[in-house]
Amino acid sequence: MLSLALPGEDLVGEAWILSDRDEHSSVVANGPLKGITLGQLVNDWPNRMLGNCHGVINRFPLLLKFLDVRTALSVQVHPSDRQTKYLPDGESGKTEAWIVLGAGQESLIYAGLTPQTTPDLLREALAEGAVTHHLASFVPSSGDAVFIPAGTVHSLRDLVIFEVQQNSNVTFRLYDWNQIDPKTLQHRALQVAQAMACIDFTRGAITPVVPLVEQLEPVLRERLFDCEHFRLWRLCAKSPFTVGSAAAPHVLVCVAGEGNVTQNGADVPFSTGDVLLLPAEVGACLCRPSANLELLEISLPRRSPPPISSP
C-alpha cells in the first residue's frame, strides 16, 4: 500500500525507513550527497544536521519504520533509559509510537496490562499459556495513534503501521504465541526474566491518543505525540503549507498522495512511502501538495535528550 520496492522474494514485515545504526544506515537517495549514509552526515556535519542538539547526541536519535504485520507479533517489552542494567553499551531505552495505516479484519493491538495484574499473576499466566488474560487490548481503526512508553507490554496483529521510536534495538520477548520460526523450525528465544524486570506494572490499558488540532488552514495540523524523545504531527492538505523550523532537524514521511518540498530554489518531489530528512540548517520549507496529501512530520523534542553512551 506504500509503493515501496522491496528486495528479494521473501516476505518483508519490517522496513527501516530512517536509521542511523551500524547494522543498517539510511543512504541519501539523490542530489550531490547521493550514496552518503545518515551516520556519515551526522558525524561530518553535526551542527548543520542536528542544530540545537549538536554536542548533546552523537547519532540521529530516532529510528523510523513501516510494519506489515499479518500474524501476531511476539508479546514484548522494552527497557527505559533508566534501566541501564538491561541496556548494552551504546544503546538507549526504547519508547515508541504507532500510527495505524491499514487495519485488517482480525486486527488487534495489545498494549498495557489489565487491572490488578501483578508479577506473580503474570508468571502464573505464562506457565499456563494464558498471557492474554492479563493483556489490555482494543480493535484499532485506520488513523489511530498509539503511544507505547518503555516498560509497556505490547503486541499487535493484522495491521500496517508507521512506527517512530528511540534509536534502539533492545527488545525482550515475554511470549511468542508458540510460533515456529520458518527458517529454523524452532521456537524463537524468549527473554522472560529481562522482560519481567522491565515491565511497568503500574501502567494500565493503553488506548489511542486524542489528536490535538493546532491548525486548520491551509493545512490540517494535528499533534499526535509530544514526549521527551520525539514530537509528531499529522498534516492533511491540498494547498501549499510550511514544514520544518529553524535550528532543528525534521523528518517528513508521506503516507498518502504526493507533492514537492521547495527551499532556496531547490525542488524535491516525493510520493507515498517516501522519507525526507530536513537538516537543521535548512529551516522552514514550502510543501506543495499535488492533490490530497497526508504527511507525517517528526521532530526532536524541545529539550535535548541525554547523551547516548559509546561502546
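Note that this is a predicted model, so its numbers are computed, not measured.

Scoring rules and cut-offs
- Residues numbered from 1 in each chain as written.
- Predicted model: local features only at pLDDT ≥ 70, side-chain atom pairs only at ≥ 80, totals over all residues.
- Heavy atoms only, no water.
- pLDDT = per-residue confidence, 0-100.
- Contact = heavy atoms within 4.5 Å.
- Phe/Tyr/Trp six-rings, centres within 6.5 Å; stacked < 30°, edge-to-face > 60°.
- Helix = DSSP H or I, 4+ residues; strand = E, 2+ residues; numbered from the N terminus.
- Buried < 20%, exposed > 50% of the residue type's maximum accessible area, 1.4 Å probe, protein only.
- Lys NZ or Arg CZ within 6 Å of the ring centre and 35° of its normal.
- Pairing = 2+ DSSP bridges.
- Axes fitted to C-alpha atoms, helices over the stretch in contact; angles between N-to-C directions.
- Polar contact = N/O pair within 3.5 Å; in protein donor to acceptor, adjacent residues only side chain to side chain.
- Core = buried A, V, L, I, M, F, W, Y, C linked by side-chain atoms within 4.5 Å.

Caption draft 1: Molecular detail of the confidence of the model for the protein chain. When pLDDT is averaged across the protein chain, the result is 90; 92% of the residues are at 70 or more. With pLDDT under 50 throughout, residues 6–12 is counted as low confidence; its partners more than four residues away or in other chains account for two contacts.

Caption draft 2: Summary view of the packing of aromatic side chains. Evaluation of the coordinates by the stated rule reveals seven aromatic pairs. Ring geometry for Phe147 versus Phe230: centroids 6.3 Å apart, planes at 70°, classification edge-to-face. Of this pair, Phe147 sits in strand E8 (residues 145–148) while Phe230 sits in the loop between strand E12 (220–226) and strand E13 (231–237), and the two are 83 residues apart along the sequence. Take Phe147: its relative accessible area is 24%, and that puts it in the partly exposed class. Judged by its relative accessible area of 0%, Phe230 falls in the buried class. An aromatic cluster is defined as three or more aromatic residues linked by ring pairs; in this entry it consists of Tyr110, Tyr175 and Trp177. A cation sits over an aromatic face here: Arg221 above Trp233, 6.0 Å from the ring centre.

Caption draft 3: Representation of the sheet that holds strand E11 (residues 212–215) in the model. Taken in spatial order, the six strands of this open sheet run E11-E12-E13-E20-E15-E18, and their pairing is antiparallel. Bordering the open sheet on either side are E11 and strand E18 (275–278), each of which pairs with just one other strand. For this sheet the average axis-to-axis angle between neighbouring strands, irrespective of direction, equals 25°. By the bridge criterion, four bridges tie strand E15 (residues 250–256) to E18 in an arrangement that is antiparallel.

Caption draft 4: Quick look at the side chain of Thr152. Within the element layout of this structure, Thr152 appears in the loop between E8 and strand E9 (154–166). Exposure remark for Thr152: the relative accessible area of 2% places this residue in the buried category. A polar side-chain atom of Thr152 sits 2.9 Å from a polar atom in the side chain of Arg203. Ignoring any residue separated from it by four or fewer positions in sequence, one finds Thr152 in contact with Gln76, Val77, Ala111, Gly112, Arg203 and Ile206.

Caption draft 5: Local environment of the sheet that holds strand E17 (residues 266–271). Read across the open sheet, the four strands follow the order E14-E19-E16-E17; overall the sheet is antiparallel. Both outer strands of the open sheet, strand E14 (241–243) and E17, are each paired with one neighbouring strand and no more. The sheet shows a mean angle of 30° between the axes of neighbouring strands, direction not considered. Pairing between strand E16 (residues 258–263) and E17: six bridges, direction antiparallel. From the neighbouring strand, Gly259 faces E17, where its bridge partner is Phe270.

Caption draft 6: The arrangement of the environment of Asp44 in detail. Its place among the elements puts Asp44 in helix H1 (residues 38–44). In this structure the side chain of Asp44 is engaged in a polar contact, spanning 3.2 Å, whose partner is the side chain of Asn43.

Caption draft 7: Spotlight on the pairing of strand E19 (residues 285–289). Side chains Cys285, Cys287 and Pro289 project from E19 onto a buried face, and the interleaved Leu286 and Arg288 project onto a face without burial. Across three bridges, the pairing between E14 and E19 is antiparallel. Directly across from Val243, in E19, lies its bridge partner Cys285.

Caption draft 8: Region of the structure containing the nonpolar core. Grouped together as the largest cluster of nonpolar side chains are 32 residues, with contacts concentrated most on Leu64, Ile99, Phe162, Val164, Leu232, Val253 and Ile298. Apart from residues no more than four positions distant in its own chain, Leu232 is found in contact with Ile99, Phe162, Val164, Glu222, Arg223, Leu224, Phe225, Leu296, Glu297 and Ile298. Core analysis: the second largest hydrophobic core is formed by 19 residues, Val170, Leu174, Tyr175 and Met196 among them.

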